[in-house]
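Secondary and tertiary structure notes
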Amino acid sequence: MKLGIVGLPNVGKSTLFNSLTKAGAESANYPFCTIDPNIGIVAVPDERIQRLGDLYHSKKVTPAVIEFVDIAGLVKGASKGEGLGNQFLSNIREVDAIVHVVRCFEDANVIHVDGSVNPLRDIETINFELIFSDVEILERRIAKTARGAKNDKTLAKELAFLERIKAHLEEGKLARSLEVTDEDEQEWLASYNLLTYKPVIYAANVGEDDLADDGASNASVQEVKEYAAAEGSEVFVICAQIEEEIAQLDEEERAMFLEDLGLKQSGLEKLIQASYRLLGLISFLTSGEDESRAWTIKVGTKAPQAAGKIHSDFERGFIKAEVVSYDDLMACGNYAAAREKGLARMEGKEYVVKDGDVILFRFNV
C-alpha cells in the first residue's frame, strides 16, 4: 500500500512523516522546507506475525508494509507557480490514497501561511490545487484522444467522457463525486490516476491537550469530521509533535508513554486502521520454519488470487488452500491440534479469504 501525504506548509506534514517513518525528513518552522519528495517505508504493526513466528520458530518474520510519500506543502495558486508550484504532485499520482494533514491547533510560534487556523478553508485550498492539476492531465488526454476519435467509436465515447469529467472539475467538484455507472467509464476513470479520484484520509493535527479526548472538544476537529463524513472519507486525530516523541522510544517505553497520555494506540496505528477501512483491505498470514509473513489483500479476494499475491505460479496451479483462523490456531497451540478439532480445513477456488486466515496453499505447475 502506498499513501501520499499532502497539506499546506506548516501544518505538521513533514513532522508527521518523520514520526511515521523515522526517515528524518527536514522539518522547520518556515514554508517549503520539504523540496524533494521524501519516501519512507513502514512496517504495519501486527502482533499476530510475531506470535506465529515464535510458534513456528521462523527464521524470518515479515510484516505487511506501507510506503509513504511526503511532498512539498501546497499553497493557493500553486498551479500558477505560487510557492514551489505543483510540480511535486506528479510524485503522488501512483498512490492508493491521500493522507491530507489539516492543522487543527493554535500556536503563535508556528506561522500559518494564510494567517489563521481554518481547516475547511485549508482543505478547499488543497482541493482546488488538486483539481487544477487533474484538469491539466485531462487536457493532455483530450488532445491525444481527439486525434483518433473521428474514426473510432470507442475513442469518441471516451473523448465525451473526458470532457464530462473536465467540466465536472471546472465546477469545483472532485472526480470522486462524479456519478459513473457505465463499465467502460468506470475503467477509464480508474486508469487516469486523477488525484481528486483517490480516497482521502484526513489527519486532524491537534495540540497535546486535545489528544486524550480524541479532539472531541476541538471545534476544528469536529468541522473536519463533518466534512469527511459528507464525502465518505476517513479521519483520525493526531498530534504530530507527540508522534515524533513516540517515534524515538522503544516498544516498552512507547506503551508507557501512550498510557501516561491516556491513549490506547499511536497515530501510526490509527492511520493504518483508517487506510485499511477506506481501501477495504485485510491481511492473511502464512507461516513456517523459513518465514512468517502478512499479506495485504482486498476484502472479497478468493483463495487463488490470494495465492497469486505470493507468486503467480501459486495462482496458476492452485489446487487447494489449507486454512485455519489465527485465533483458533493460537487457542489450540499448534496446527495438528487445530486439525484434530476440525478447525483446520481444505478450501477450494471459491473460498473467500478472511482477515487473520493462516493459509498453506497447495499448487501444481
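Residues numbered from 1 in each chain as written. Predicted model: local features only at pLDDT ≥ 70, side-chain atom pairs only at ≥ 80, totals over all residues. Heavy atoms only, no water.

Focus: the packing of helix H3 (residues 119-149) against helix H6 (residues 219-231)
- Between H3 and H6, the shortest axis-to-axis distance is 9 Å and the interhelical angle comes to 45 degrees. Overall, the two elements H3 and H6 adopt an arrangement that is oblique. Two secondary-structure elements touch here, H3 through Pro119, Leu120, Ile123 and Asn127 and H6 through Ser220, Glu223, Val224 and Tyr227.
- Each residue belonging to the contact of H3 with H6 can be placed in one class, and the counts come to five nonpolar, two polar and one charged. (Axes fitted to C-alpha atoms, helices over the stretch in contact; angles between N-to-C directions. Helix = DSSP H or I, 4+ residues; strand = E, 2+ residues; numbered from the N terminus. Parallel < 35°, antiparallel > 145°, perpendicular 65-115°, else oblique. Contact = heavy atoms within 4.5 Å. Nonpolar A, V, L, I, M, F, W, Y, C, P; charged D, E, K, R; others polar.)

A short note on the packing of helix H4 (residues 153-170) against helix H5 (residues 183-191)
- Following both chains from N to C, one finds H4 and H5 inclined at 65 degrees, their axes separated by 11 Å at the closest point. The interaxial crossing formed by H4 with H5 has right-handed handedness. Along the contact surface, H4 presents Thr154, Lys157, Glu158, Phe161, Arg164 and Ile165, while H5 presents Asp184, Glu185, Trp188 and Leu189.
- Residues of the contact of H4 with H5, tallied by class, amount to four nonpolar, one polar and five charged. (Left-handed = near helix turned anticlockwise from the far one by under 90°.)

Some remarks on the sheet that holds strand E2 (residues 38-43)
- Read across the sheet, six strands follow the order E2-E4-E1-E5-E6-E7 without closing on themselves; strand pairing throughout is mixed. Edge positions in the open sheet fall to E2 and strand E7 (234-238), since each of these has one partner strand only. Geometrically, the sheet is characterised by an average inter-axis angle of 25 degrees between neighbouring strands, direction not taken into account.
- With six bridges joining them, E2 and strand E4 (residues 65-70) adopt antiparallel strand pairing. Counterpart to Ile41 in the pairing with E4 is Glu67.
- Relative to E7, helix H9 (residues 267-279) is tilted by about 180 degrees, and along the sheet it contacts strand E1 (2-6), E2, E4, strand E5 (97-103), strand E6 (200-205) and E7. (Pairing = 2+ DSSP bridges.)

Observations regarding the nonpolar core
- Ranked by size, the top nonpolar core spans 70 residues in total, and within it Phe68, Ile92, Tyr202 and Leu271 carry the most contacts.
- Take this core: its biggest share by element is seven residues, from H9.
- Every residue in contact with Tyr202, bar those within four places of it in the chain, is listed here: His100, Val102, Ile123, Arg176, Val224, Tyr227, Ala228, Glu231, Ser233, Glu234, Val235 and Phe236.
- Formed by 18 residues, the second largest nonpolar core is a distinct cluster that contains Ala149, Leu159, Leu162 and Leu174. (Core = buried A, V, L, I, M, F, W, Y, C linked by side-chain atoms within 4.5 Å. Buried < 20%, exposed > 50% of the residue type's maximum accessible area, 1.4 Å probe, protein only.)

Details of the side chain of Ser283
- Checked against the element boundaries, Ser283 lands in strand E8 (residues 281-287).
- With near-sequence residues (within four places) excluded, Ser283 lies in contact with Arg48, Tyr276, Trp295, Thr296, Lys354, Asp355 and Gly356.

Digging into the layout of surface pockets
- Taken as a whole, the largest pocket spans an internal volume of roughly 970 Å³.
- Taken together, 30 residues form the lining of the largest pocket, with Val44, Pro45, Asp46, Arg254 and Glu269 sitting closest to its centre.
- Elements supplying a minimum of two residues to the lining of the largest pocket: helix H1 (13-21), E2, helix H2 (47-56), helix H7 (240-247), helix H8 (251-260) and H9.
- When grouped by side-chain class, the residues that make up the lining of the largest pocket number 16 nonpolar, six polar and eight charged. (1 Å grid on protein atoms, 1.4 Å probe; cavity = no way out; pocket = protein on both sides within 12 Å on 5 of 7 lines; lining within 4 Å. Points joined across faces, edges and corners; volume = space filled by probe spheres on them.)

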